[in-house]
Amino acid sequence: MDSAVSAIITALEAHNVSPQIITFLISMIPLLELRGSIIVAGSILKLPFFQTFITAVLGNMLPIPFILLFIKKIFGWMKGVKGLKKFPDWVEASAMKRSEQIEKYGYLGLFLFVAIPLPGTGAWTGSLLAVLFGMNPKKSLLFIFMGVCFAGIIMSLVSFGAINGIVNLFG
């Protein structure tokens with residue numbers, strides 16, 4: 001775990017912030033999102049499986065409607081501000097590098113993009129890509145939610161050792 005994340009967790013715990021709130025907050029952070037929060041909740045904070053899953057999914061989904069509805073306006077504003085002009089272009093270009101399956105498969109591709117827990121994929125980037133491709137926000141929200149739930153199941157199984165248990169049972 002990154003030392004900066006560990007330091008933040010330690011500071012929050014020192015201020016009596018509950019493990020559930022820490023998990024929720026981590027799941028809202030781009031790049032860490034649900035994947036990072038489940039690992040932290042399961043291995044460091046020792047939250048139970050179900051609490052971890054629900055808290056991480058809710059936290060990861062909270063920013064998504066705002067991204068789907070407002071990111072174009074925010075990026076448009078940023079492009080008009082001298083010191084911020086390059087940032088939205090960089091974010092959009094970075095997201096588009098990973099857009100092949102969404103371009104090819106539409107909403108199913110959006111689901112898969114969010115559902116398969118790989119670096120650079122997730123609800124934040126999936127939401128941005130949905131906007132860049134002009135996808136319907138309500139339908140995108142549904143497919144992103146399904147993807148987050150699926151990724152949450154995968155990460156929870158990995159984090160809580162269920163996959164290792166199944167492999168040992170049948171191996």
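A quick note: this is a predicted structure, and the numbers were derived from the prediction, not measured.

Before going further, it helps to examine the overall build of the protein. What the protein contains, in helices and strands, is 11 helices and zero strands. Along the protein, from the amino end to the carboxyl end, the secondary structure elements read α-α-α-α-α-α-α-α-α-α-α. Rg of the C-alpha trace for the protein: 17 Å, near the compact-globule value of 16 Å for 171 residues, within the 12% margin. For the protein, the spread of C-alpha atoms along the principal axes amounts to about 50 × 40 × 25 Å. Every one of the 171 residues in the protein was classed for burial, and the buried ones make up 39%. Expressed as a percentage of contacts within the protein between residues at least 6 apart in sequence, the contacts between residues at least 24 apart total 70%. Accessible surface, the protein: about 9,800 Å² in total, of which carbon and sulfur atoms supply 70%. Put simply, the protein has 13 plus and 7 minus side-chain charges, and the middle of one group is 7 Å from the middle of the other.

Applying the stated criterion across every chain yields a total of two salt bridges. Residues Asp89 and Lys79 are paired through a salt bridge, measuring 3.5 Å at the closest nitrogen-oxygen approach. Of this pair, Asp89 sits in helix α6 (residues 86-96) while Lys79 sits in helix α5 (residues 64-79), and the two are 10 residues apart along the sequence. The salt bridge involving Lys79 is made with Glu92; its shortest N-O contact spans 3.4 Å. Taken together, the residues Lys79 in helix α5 and Glu92 in helix α6 connect sequence positions 13 residues apart. By relative accessible area, which is 34% here, Lys79 ends up partly exposed.

Applying the stated criterion across every chain, the model contains five aromatic pairs. A centroid spacing of 5.3 Å and a plane angle of 65° characterise the contact between Phe49 and Phe160, whose relative ring orientation is edge-to-face. Of this pair, Phe49 sits in helix α4 (residues 49-61) while Phe160 sits in the loop between α10 (137-159) and α11 (162-170), placing them 111 residues apart in sequence. For Phe49, a relative accessible area of 37% gives the class partly exposed.

Our focus in this paragraph is the side chain of Glu33. By the element assignment, Glu33 lies in helix α3 (residues 33-43). A polar atom in the side chain of Glu33 sits 2.9 Å from the backbone nitrogen of Ala123. Discounting chain neighbours no more than four positions away, the residues touching Glu33 are Ile26, Ser27, Asn60, Gly122, Ala123 and Trp124.

Further remarks concern the packing of α3 against α10. Close contact between α3 and α10 brings their axes to 9 Å; oriented N to C, the two are set at 30°. Here α3 is positioned roughly parallel relative to α10, judged by the angle of their axes. α3 and α10 meet at a crossing whose hand is right-handed. Contacts between α3 and α10 involve Leu34, Arg35, Ile38, Ile39 and Gly42 on the former and, on the latter, Val148, Ala151, Gly152, Met155, Ser156 and Ser159.

Calculation criteria
Residues numbered from 1 in each chain as written. Predicted model: local features only at pLDDT ≥ 70, side-chain atom pairs only at ≥ 80, totals over all residues. Heavy atoms only, no water. Helix = DSSP H or I, 4+ residues; strand = E, 2+ residues; numbered from the N terminus. Rg over C-alpha atoms; globule rule 2.2 N^0.38 Å. Buried < 20%, exposed > 50% of the residue type's maximum accessible area, 1.4 Å probe, protein only. Contact = heavy atoms within 4.5 Å. Areas by Shrake-Rupley, 256 points an atom, 1.4 Å probe, with all protein chains shown as cover. Lys, Arg positive; Asp, Glu negative; His and termini not counted. Charge placed at Lys NZ, Arg CZ, Asp CG, Glu CD. Salt bridge = Lys/Arg side-chain N within 4 Å of Asp/Glu carboxyl O. Phe/Tyr/Trp six-rings, centres within 6.5 Å; stacked < 30°, edge-to-face > 60°. Polar contact = N/O pair within 3.5 Å; in protein donor to acceptor, adjacent residues only side chain to side chain. Axes fitted to C-alpha atoms, helices over the stretch in contact; angles between N-to-C directions. Parallel < 35°, antiparallel > 145°, perpendicular 65-115°, else oblique. Left-handed = near helix turned anticlockwise from the far one by under 90°.

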